[in-house]
Structure formats: structure tokens, C-alpha cells
Amino acid sequence: MSTAKLILEGNEYEFPLVRGSEGEVGIDTVALRKHTNAISLDPGYGSTGSCLSGITFIDGEKGILRYRGYDIEKLATESSFVEVCYLLIYGELPTQEELLSFSDRLTRHTLIHEDMKKFFEGFPATAHPMAMLSAMVSSLSAYYPGAGIDEDLDLNIVRLLAKVKTVAAFSYKKSIGQPFIYPRNKYSYCANFLHMMFAVPAEDYVPPKVLIDALNLLLVLHADHEQNCSTSTVRMVGSSQTNLYASISAGISALWGPLHGGANQKVIEQLKMIREDGSNFRKYVDLAKDKSSPFRLMGFGHRVYKNFDPRARILKKTADEVLDQLGVDDPLLDIAKQLEEVALVDDYFVSRKLYPNVDFYSGIIYRAMGIPTNMFTVMFALGRMPGWIAHWKEMREEPRGRINRPRQIYTGPTQREIKPLEER
Ligand code: ACO
């Protein structure tokens, strides 16, 4: 069977089927409106494929996540974040030579233009680092105006990956009133970020291996997740041929919301609230089930995963290991585990297939690493950078690419006359 039939108001139409390499089936409805004058309506896009993509595969029922065919569990233990960046963006794991050259370029482009430092002065001390990050990434297009031009694409990809961690670390230093710490070329990608975050001019700081490894793992696990809200936003914005920096800045804004990447900050805030309320986690599980209350268990549920989120499984184990190695005893980890235990046997969560997602345990690890809560979503953005770039690039290289422009079913008033002001 290679077509799907639609009977609409007595007329029959046929549409071709599209099959993915993992057997996924889509109905190609590009010609639906042309042939039928009707559109498909799918608020939230739960049943809508927006593109063909060769980057990331997810099977939400089986809890599978693969980047370019490689299982996330394998990449998490065997690859560095820089290798994963290369894999996602260029389609293959780098050779030794390619990795050396790519890492070297990432190191050499880490500085931001000195003038950009002045931007930080304009933000209030209380500014959320996500506000600074999205503004700064968009501002990079003012310094590198060739970011929409194909010949310069590789250079701008390297610039973005390299500079974003400097911007992120500077936004943290700004928020605590400390001087910016410049990158050091002798450090790896993750070590350099930790150095810019935690070094102070008065002291020597050598990023500890346990932090470098934990950061590497967290970034790898967040690196891509196919057509989620922020990635779809990057593609949407990029489809009008907006430059790379501005498109990614839009993705950063989309990530910020608490239903998406902002959930990692909310999880910790919620766990703290539960702790301050006497660790009565059952009360909060009941509140999350109460349909008259808007309360939700943050870090639970996922649009695609209906079994478990493989990233959450890895992070739960890592949280134990990292806290152990750092000698940190965080009561929030115990509350998180108890909350999970109660929720996973509760019929409300079981019947709706609500499991912990990537955000549930990541914040506990960030906390143990000394990263403040309002930086958690920035950390997510650092990790997601190669995924956004890979999707932007894939979209731009699609020869039949069109501007993204959904339609709607209008439900407002039909045509009417404007009454004179005194009669309204
Ligand atoms: N707590 C309590 N109930 C929930 C939760 C939750 N965290 N998540 C979903 N539900 C319930 C809904 O109320 C709904 O119940 P109903 O069928 O009785 O109406 C049902 O489960 C389905 O939920 P939807 O909101 O329709 O699922 P959707 O796929 O639209 O949303 C989302 C997914 C946004 C992740 C949702 O589960 C949620 O809000 N979770 C909390 C926020 C969160 O952790 N976000 C991070 C997601 S992962 C990421 O972006 C990196």
C-alpha cells in the first residue's frame, strides 16, 4: 500500500505515503488543499510531520533515541560533546584528523568581540541569563553579517559553537558581579566553559575531571531531539532565510518556557518547595492530579516518550555517581526519587504514560556542580546548540525548501460594517 485514501464530502482523493528508514509512515498531504480546498487541522502538531530529517531518530514507545543512527547510551559513554557536535552537523563521527581540526577551530574562535562585553553592562544585575543569551546570540549577526551566506557557513557554525559558551559564562559572571574570565586555549571545550564560570582572577582554578565529565555527558544528552518546540522554531525562523545567529536566538527563546527547557529550573524550584513544605510529596502528586489546579509535576511527561525518556534513565544514575564523587548530599535528590516512586505507581501517571523526562534529574547534577538554578536552561541551550545548527543547515540544504507558513481555520466574526463611534 503506497497511498492513503480520503473521502471528503463524497469525493475520494488519494495521497502518497512516505516511509522513513525506521519504518515510520507519513501521508504526504502537500497537495491536500490544492485538490480538496480543505486543510488538515492539528493544533500542537501532535500528528504533523513538518519535514524529512536524517539527523535524530526517536521511538517514544520503545524509549529509543539515536543521533545519526548511534544510540544515545553509546554516545553518552564513548563520545565527547565536540564529536557529537560534528556528528550532528556533518552527519558522520569525525576522523582523528577532522576532530583535531574542528576542536582547534572551536578553541580559536572562543573570544567574543571586546565591544560585546559592553552589552552586558546594560543589563540589570537581576537579568535572567536566558534573556542575555538570546540577545547576545542574535547580536552576533551584527558582528558576522555573512552568517546567511553558504560560503561562510562552516566558519559561522564554529563561531557560534565556540562563542556561545563564552557568552553563557559571562552572563553568569555579570549576574554575580564578578569580572569576566577569558577563555584559555589549553582547555577542552567543557573544561574551558567551567574555567570561565568558576575561575576568579585572584586564584588558580583547574576544572576538576568529575565536573568536565559530568558536563560532557549533560551536553551530549541534550544535543538534539528532532522536531521539538525550539528546533521547530529554529527551522521556522530559518525558513524565511533569516541568518544562523538570529534563527538560533529564536530557538533559545522558545527553549526558555517552563514546558520545554525551562522545566529544569522549575523542577528544582518545585523540589525546594516540597522540601520546605515538610517533604510531603504525596500532597504534590495529588495536586498534580487535581484537574481544578494548574499544578503539574515539572520534569514529568513528554509529547513523544510514552515509555521512558532514555536520557532521564542515564541522568538518574549519573546524579548518584556525581554527587557521590563530589561528596555532595543533596536532600532534593531523595525527594526527587520518592516523588518518582510515588508517581510511577499512581494510576493517573501510569494511564497517561507520564515518566520523568530529561529535566527531572539534570538540575540536581547542575546544582552539585555549583551551577546556579537560573543558569540551568542556559546549560540546556549550550547542549542543544549543535542540534539547532544541524536542523538549520539541513533545512537550508533542502532543494525544495519553502518558507514555513501554516494555515488556520478562521473562527472570528464574518464580514460586518463599522458602526459610527457614538453607536458602539
Ligand atoms: N503533571 C501532571 N499531569 C500531567 C503532566 C504533569 N507533568 N504532564 C501531562 N499531564 C497530563 C495532562 O494534564 C493531560 O491529562 P488529561 O489527559 O487528563 O487532560 C495528559 O497528561 C496529557 O498531557 P498533555 O499536556 O496533553 O501532553 P503534551 O504532550 O501536550 O505535553 C509536556 C507534554 C508539555 C511535556 C507536559 O507533559 C508537561 O507540561 N510536563 C511538565 C513540564 C516539563 O517537564 N517539560 C519538559 C518537557 S521535556 C523538554 O522539553 C526538554
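Residues numbered from 1 in each chain as written. Predicted model: local features only at pLDDT ≥ 70, side-chain atom pairs only at ≥ 80, totals over all residues. Heavy atoms only, no water.

J.: Mind laying out the sheet that holds strand 2 (residues 11-19), listing which residues take part and the relevant values?
T.: Taken in spatial order, the 3 strands make up an open sheet running 1-2-3, and their pairing is antiparallel. Two strands lie at the open edges of the sheet, namely strand 1 (3-8) and strand 3 (25-27), each paired on one side alone. Each neighbouring strand pair of the sheet contributes to a mean axis angle of 30°, computed without reference to strand direction. (Pairing = 2+ DSSP bridges. Helix = DSSP H or I, 4+ residues; strand = E, 2+ residues; numbered from the N terminus. Axes fitted to C-alpha atoms, helices over the stretch in contact; angles between N-to-C directions.)

J.: An account of unusual backbone geometry is needed here, citing residue identities and associated values.
T.: Backbone geometry at Tyr45 places phi at a positive 60°, although glycine is not the residue there. For Tyr45, the position within the fold is in the loop between helix 1 (32-36) and strand 4 (56-59). One non-glycine residue, Glu226, lies in positive phi territory at about 40°. As for its placement among the helices and strands, Glu226 is situated in the loop between helix 9 (209-222) and helix 10 (229-238). For Glu226, a relative accessible area of 21% corresponds to the partly exposed category. (Buried < 20%, exposed > 50% of the residue type's maximum accessible area, 1.4 Å probe, protein only.)

J.: Kindly report on the layout of surface pockets, identifying the contributing residues and their values.
T.: Approximately 320 Å³ is the volume attributed to the second largest pocket. Ala76, Asp213, Leu217, Thr318 and Glu321 are the residues nearest the centre of the second largest pocket, which is lined by 15 residues in total. Put simply, the parts of the chain that give the lining of the second largest pocket at least two residues each are helix 2 (72-78), helix 9 and helix 14 (310-326). Ranked by the residues each element gives to the lining of the second largest pocket, the list is headed by helix 14, at 6 residues. Residue composition of the lining of the second largest pocket, by class: 6 nonpolar, 5 polar and 4 charged. (1 Å grid on protein atoms, 1.4 Å probe; cavity = no way out; pocket = protein on both sides within 12 Å on 5 of 7 lines; lining within 4 Å. Points joined across faces, edges and corners; volume = space filled by probe spheres on them. Nonpolar A, V, L, I, M, F, W, Y, C, P; charged D, E, K, R; others polar.)

J.: So what's going on with the pattern of salt bridges? Which residues, and what values?
T.: Scanning the model with the defined rule gives 20 salt bridges in all. Two residues, Glu269 and Lys266, come together in a salt bridge whose shortest N-O distance is 3.4 Å. Separated by 3 residues within a single helix, Glu269 and Lys266 lie in helix 12 (residues 263-276), roughly one turn from each other. The exposure class of Lys266 is partly exposed, given its relative accessible area of 34%. Ionic pairing is found between Glu321 and Lys317, a salt bridge with its closest N-O pair at 3.4 Å. With Glu321 and Lys317 both in helix 14 and 4 residues apart, the pair spans about one turn of that helix. Here Glu321 falls in the partly exposed class, since its relative accessible area comes to 37%. You can call Lys317 exposed: its relative accessible area is 56%. (Salt bridge = Lys/Arg side-chain N within 4 Å of Asp/Glu carboxyl O.)

J.: For the site of the ligand, give the residues involved together with the corresponding values.
T.: Around the ligand there are 21 residues in total, and Lys291, Arg296, Leu297, Gly299 and Arg303 lie nearest to it. Leu297 is positioned with one of its backbone polar atoms (N or O) 2.7 Å from a nitrogen atom of the ligand. Between an oxygen atom of the ligand and a side-chain N or O atom of Arg303, the distance comes to 2.7 Å. For the ligand, whose accessible area on its own is 920 Å², the fraction buried by protein is 75%. In the shell around the ligand, the residues fall into 11 nonpolar, 5 polar and 5 charged. (Near = heavy atom within 4 Å. Polar contact = N/O pair within 3.5 Å; in protein donor to acceptor, adjacent residues only side chain to side chain. Areas by Shrake-Rupley, 256 points an atom, 1.4 Å probe, with all protein chains shown as cover.)

J.: Mind laying out the packing of aromatic side chains, listing which residues take part and the relevant values?
T.: Pairs of aromatic rings are described using the distance from one ring centre to the other and the angle between the two planes. Evaluation of the coordinates by the stated rule reveals 18 aromatic pairs. Ring centres of Phe81 and Tyr189 lie 5.5 Å apart, and the angle between their planes is 55°; this geometry places the pair in the tilted category. Highlighted residues: Phe81 in helix 3 (residues 81-90) and Tyr189 in helix 8 (residues 189-198), separated in sequence by 108 residues. No difference in accessibility class separates Phe81 from Tyr189, as the two residues are buried. Above the plane of the ring of Tyr189 lies Lys165, whose end atom (NZ or CZ) is 4.3 Å from the centre. Taking NZ or CZ as reference, Arg313 lies 3.6 Å from the ring centre of Phe308, over its face. (Phe/Tyr/Trp six-rings, centres within 6.5 Å; stacked < 30°, edge-to-face > 60°. Lys NZ or Arg CZ within 6 Å of the ring centre and 35° of its normal.)

J.: Got a sec to walk through the pairing of strand 1? Specific residues and values, please.
T.: Looking at chain direction, strand 1 and strand 2 are connected through 6 bridges and run antiparallel. Within the sheet, the bridge partner assigned to Thr3 lies in strand 2 and is Pro16. If you look at the hairpin formed by strand 1 and strand 2, you'll find 2 residues sitting between the two strands, and Glu9 has a positive phi there, around 50°.

J.: Can you explain the state of the cysteines? Please cite residues and give values.
T.: Counting across every chain of the model gives 0 disulfides. Cys229 supplies the cysteine sulfur nearest to Cys51, a cysteine that is in no disulfide, at a spacing of 14 Å. The partly exposed category is assigned to Cys51, whose relative accessible area is 30%. Cys229 sits in the partly exposed class, given a relative accessible area of 45%. (Disulfide = S-S within 2.5 Å.)

J.: Quick one: what's the story with helix 17 (residues 358-369), residue by residue and with numbers?
T.: Counted at 1.5 Å a residue, the expected span for helix 17 with its 12 residues is 16 Å, and the 17 Å between its end C-alpha atoms agrees. Burial within helix 17 is extensive, with 11 of its 12 residues counted as buried. All buried positions along helix 17 are accounted for by Val358, Asp359, Phe360, Tyr361, Ser362, Gly363, Ile364, Ile365, Tyr366, Ala368 and Met369. Residues of helix 17 that are buried sit in contact with helix 8, helix 9, helix 12, helix 14, helix 15 (331-345) and helix 18 (376-396). Just downstream of helix 17 lies Gly370, where phi reads positive at about 90°. (Expected span 1.5 Å × (residues − 1). Contact = heavy atoms within 4.5 Å.)

J.: Please give an account of the packing of helix 5 (residues 114-122) against helix 6 (residues 129-143) that cites residues and values.
T.: The relative placement of two packed helices is expressed as an angle between their axes plus a distance between the axes. Helix 6 packs onto helix 5 with a crossing angle of 150° between their chain directions and a minimal axis gap of 11 Å. Regarding the angle of helix 5 to helix 6, the classification is roughly antiparallel. You can see that helix 5 and helix 6 cross each other, and the crossing is right-handed. Here Asp115, Met116, Phe119 and Phe120 of helix 5 come into contact with helix 6, specifically with Met132, Met136, Ser139, Leu140 and Tyr143. (Parallel < 35°, antiparallel > 145°, perpendicular 65-115°, else oblique. Left-handed = near helix turned anticlockwise from the far one by under 90°.)

On their own, these measurements won't tell you what the molecule is for.
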